[in-house]
Amino acid sequence: MTITTFIKGGVAAGMMLMGMTGVGQSAYLSMTVVGNASPPIGAYQFCKEIPADCNNPAGDQGPLLLTEERWKAILKINYDVNSSITPMTDMEVYGVEERWAYPRTAGDCEDYALLKRKKLIDAGFSPSDLLMTVVLQPNGDGHAVLTIRTDRGDFVLDNMRNKVMLWADTEYTFLKRQSADDPARWVKLQDGRAVAVGSVK
């Protein structure tokens with residue numbers, strides 16, 4: 001599948017999603033923030049090393065207005081990063097258990113997400129809408145993804161799939177993410193689907 005074919009299919013699916021206004025979906029369009037959380041150790045160290053990339057002087061700009069052009073940019077960057085980076089653990093790349101960094105050719109889940117965040121910021125997206133997020137996979141393993149806050153809901157960019165999905169349509173349990181006000185701060189998420197997700201295992 002070429003990038004053009006992928007984006008065309010993704011745009012068609014995205015436009016269908018943007019047009020949907022069902023009552024059943026509205027309850028889970030955006031994640032619920034329930035308080036402060038401690039940042040992952042990798043995130044804390046990343047912010048110490050590159051403080052400029054954990055700074056957002058403009059603060060929370062509100063959810064992104066999701067247009068077709070922006071949706072195309074999101075799909076392209078997600079696809080490009082997933083296609084260009086080889087999955088490897090921090091131990092394999094850096095010789096340490098946990099390190100958050102921008103990948104050059106290889107990296108693990110949070111490295112993919114960091115690079116997508118950087119590329120989207122470079123493309124003009126607000127940092128307040130690009131939030132590093134920690135989740136649990138159905139097998140109980142931890143995982144990191146990038147959440148994009150939009151007026152159509154919170155979408156997930158994942159190195160495990162090229163499809164950009166509404167968070168509530170994924171199989172993950174959402175634990176915490178960066179604050180929209182301050183990228184160096186983290187907030188706790190209340191995943192109202194947790195029981196439903198557990199029952200599907």
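Provided above is the structure to which this section pertains.
Peer 1: Describe the overall build of the protein, and please don't skip the residues or the numbers.
Peer 2: The helix and strand inventory of the protein stands at 7 helices and 9 strands. In the protein, buried positions account for 45% of the 201 residues. Working note: accessible area of the protein is about 10,100 Å², and carbon and sulfur atoms make up 55% of it.

Peer 1: Explain the state of the cysteines to me, using residue names and the numbers behind them.
Peer 2: Under the criterion given, the structure shown has 1 disulfide. Bridging Cys47 to Cys54, the disulfide has an S-S length of 2.0 Å. One quick way to see it: the torsion about the S-S bond of Cys47 and Cys54 is about -85 degrees, and its sign makes the bridge left-handed. The exposure classification of Cys47 matches that of Cys54, with both residues buried.

Peer 1: I'd like a description of the sheet that holds strand β8 (residues 173-178), backed by residues and values.
Peer 2: Pairing between the strands of a sheet comes from backbone hydrogen bonds, and it takes one of two forms, parallel or antiparallel. In space, the 7 strands of this open sheet follow the order β1-β9-β8-β4-β5-β6-β7, with antiparallel pairing throughout. Both outer strands of the open sheet, β1 (32-37) and β7 (161-166), are each paired with one neighbouring strand and no more. Averaged over neighbouring strand pairs, the angle between their axes works out to 30 degrees when direction is ignored. Note: β8 against strand β9 (residues 186-190), 3 bridges, orientation antiparallel. Within the sheet, the bridge partner assigned to Gln178 lies in β9 and is Trp186. Along the sheet face, helix α4 (residues 68-84) touches β5 (142-150), β6 (153-158) and β7 and points at about 140 degrees away from the line of β7. Packed on one face of the sheet, helix α6 (residues 109-122) meets β4 (130-136), β5, β6 and β8 and runs near 20 degrees to β5.

Peer 1: Go over α4, please, and point to the residues and values.
Peer 2: Spanning 17 residues, α4 covers 24 Å between terminal C-alpha atoms, matching the ideal 24 Å at 1.5 Å per step. For α4, every residue scored as buried is listed here: Trp71, Ile74, Leu75, Ile77, Asn78, Tyr79, Val81 and Asn82.

Peer 1: Which residues make up the nonpolar core, and what values go with them?
Peer 2: Residues Ile74 and Leu120 are the most contacted members of the largest nonpolar core, which totals 29 residues. Elements with a contribution of two residues or more to this core: α3 (41-49), α4, α6, β4, β5, β6 and β7. Dropping the residues within four chain positions of it, Ile74 is found in contact with Leu64, Leu66, Leu120, Phe125, Ile148, Leu157 and Val164. Ala168, Tyr172, Phe174 and Leu189 belong to the second-largest nonpolar core, a separate cluster that totals 9 residues.

About the thresholds
- Residues numbered from 1 in each chain as written.
- Predicted model: local features only at pLDDT ≥ 70, side-chain atom pairs only at ≥ 80, totals over all residues.
- Heavy atoms only, no water.
- Helix = DSSP H or I, 4+ residues; strand = E, 2+ residues; numbered from the N terminus.
- Buried < 20%, exposed > 50% of the residue type's maximum accessible area, 1.4 Å probe, protein only.
- Areas by Shrake-Rupley, 256 points an atom, 1.4 Å probe, with all protein chains shown as cover.
- Disulfide = S-S within 2.5 Å.
- Pairing = 2+ DSSP bridges.
- Axes fitted to C-alpha atoms, helices over the stretch in contact; angles between N-to-C directions.
- Contact = heavy atoms within 4.5 Å.
- Expected span 1.5 Å × (residues − 1).
- Core = buried A, V, L, I, M, F, W, Y, C linked by side-chain atoms within 4.5 Å.

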